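Single-letter residue listing:
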Amino acid sequence: MDGNGRWARRQGKPRIEGHKAGAESVRRIVEACSEFGVRYLTLYAFSTENWRRPPREVAELMRLLERFLAERLEDLERHDIRLNAIGELERLPLPVRRGLSRVMEATRDNSSGVLTLALSYGSRAEIASAARRLAEDVAKGVLSPEQIDEEALAARLYTADLPDPDLVIRTAGEMRLSNFLLWQASYAEIWVTDKTWPEFDADLFRQALDDYGRRERRFGKVPNA
Ligand code: IPE
Ligand code: MG
């Protein structure tokens, strides 16, 4: 979700206003997922790299997140969506962790969709931690090195219980993955728009899904094989 800052600058507003407008986009897109039948939505809301932003901006983002968790429970319940979170969640401030646990607990039996927030998330750190867990299991004798395959590693990622993404949408014209789901997005289709995240709406989302539907996914095979 990129371009909150740029959107704000264009409006002559402080960056935080961009993040607020971005939170409003999140609300709209979660709504649109239910309408379009998208069952899994993963939002890259805060990366491990984002901790290096000015402390005031980080604090404001954390406050917005806290507010989001307090206000969105009702929509999630209405649409039967389960909240999930991936990342180094222990680094988040206590009120955010509490809010996350509360909403995750309240929605745990919802089954029409899964909203995953990637928070303090970095894909390389995730893969490194999966490798560490494999090593621990080998050291404990519950796993042999020969048993280490793609499935064994994937089972130790934060996303073990999620399907791989089919489509990765990038806003504000950014043509990079920025340490997002590097393992999981191996075969994902990538769709880029110049519109910023606060401008991203259901119509644009529909366009991304339509374009995705027209792409031919071969997974390394020859056409129609
Ligand atoms: C994305 O918008 C929001 C977060 C990373 C939380 P940016 O804040 O990166 O916006 P730009 O890149 O400055 O426009
Ligand atoms: Mg940015």
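Positions within a chain are numbered from 1, following the residues in the order the chain's sequence is written. Chains and ligands are labelled by the order in which they are written, letters from A for the one and numbers from 1 for the other. Selection of residues for local features in this predicted model requires a pLDDT of at least 70, selection of side-chain atom pairs for listing and counting requires 80 or more, and totals for whole chains, interfaces and linings are taken over all residues. Water and hydrogen atoms were dropped before computing side-chain values, which therefore reflect all heavy atoms in the structure.

**Student:** Mind showing me how you'd approach the sheet that holds strand β3 (residues 113-121) here?
**Tutor:** Two modes of strand pairing occur in sheets, parallel and antiparallel, and in both the strands are linked by backbone hydrogen bonds. Pairing is parallel across the open sheet formed by three strands, whose spatial order is β1-β3-β2. The sheet terminates laterally at β1 (40-47) and β2 (81-86), the two strands that pair on one side only. Looking at each pair of strands side by side, their axes are set apart by 20 degrees on average, direction ignored. The pairing criterion for strands is at least two bridges between them, as found by DSSP. The secondary structure listing takes helices from DSSP runs of H or I that are at least 4 residues long and strands from runs of E that are at least 2 residues long, numbered from the N terminus. Alignment of β2 against β3, held across six bridges, turns out to be parallel. Within β3, the residue paired with Leu 83 across the bridge is Leu 115. Should any heavy atoms of two residues lie within 4.5 Å, those residues are counted as being in contact. Note on method: axes are straight lines fitted to C-alpha atoms, helices fitted across the in-contact stretch only, with angles between N-to-C directions ranging 0 to 180 degrees. Set on the sheet, helix α3 (residues 55-78) makes contact with β1, β2 and β3; between it and β3 the angle comes to about 170 degrees.

**Student:** I'm lost on unusual backbone geometry in this one. Help?
**Tutor:** Glycine aside, residues mostly have negative phi, and peptide bonds are mostly found in the trans state. Of note in this structure, Asp 80 is not a glycine but carries a positive phi near 60 degrees. Along the polypeptide, Asp 80 turns up in the loop between α3 and β2. In this structure, Phe 219 takes a positive phi of about 50 degrees despite not being glycine. Here Phe 219 lies in the segment after α7 (202-214).

**Student:** How should the packing of aromatic side chains be read in this particular structure?
**Tutor:** The description of two aromatic rings rests on the distance between their centres and on the angle between their planes. Only the six-membered ring of Trp is used, alongside the rings of Phe and Tyr, when aromatic pairs are assigned; centres must lie within 6.5 Å, and planes under 30 degrees apart are stacked while those over 60 apart are edge-to-face, with the rest tilted. Tallied over the full model, the rule gives nine aromatic pairs. Consider the rings of Tyr 121 and Phe 180, whose centres lie 6.2 Å apart with planes at 75 degrees: the pair is edge-to-face. Separated by 59 residues along the polypeptide, Tyr 121 in strand β3 and Phe 180 in the loop between β4 (167-170) and β5 (189-192) bring together distant segments of the chain. With centroids separated by 5.5 Å and ring planes inclined at 50 degrees, the aromatic side chains of Tyr 187 and Phe 219 adopt a geometry described as tilted. A residue pair is termed long-range when its members are at least 10 positions apart, and Tyr 187 in the loop between β4 and β5 and Phe 219 in the segment after α7 qualify at 32 residues.

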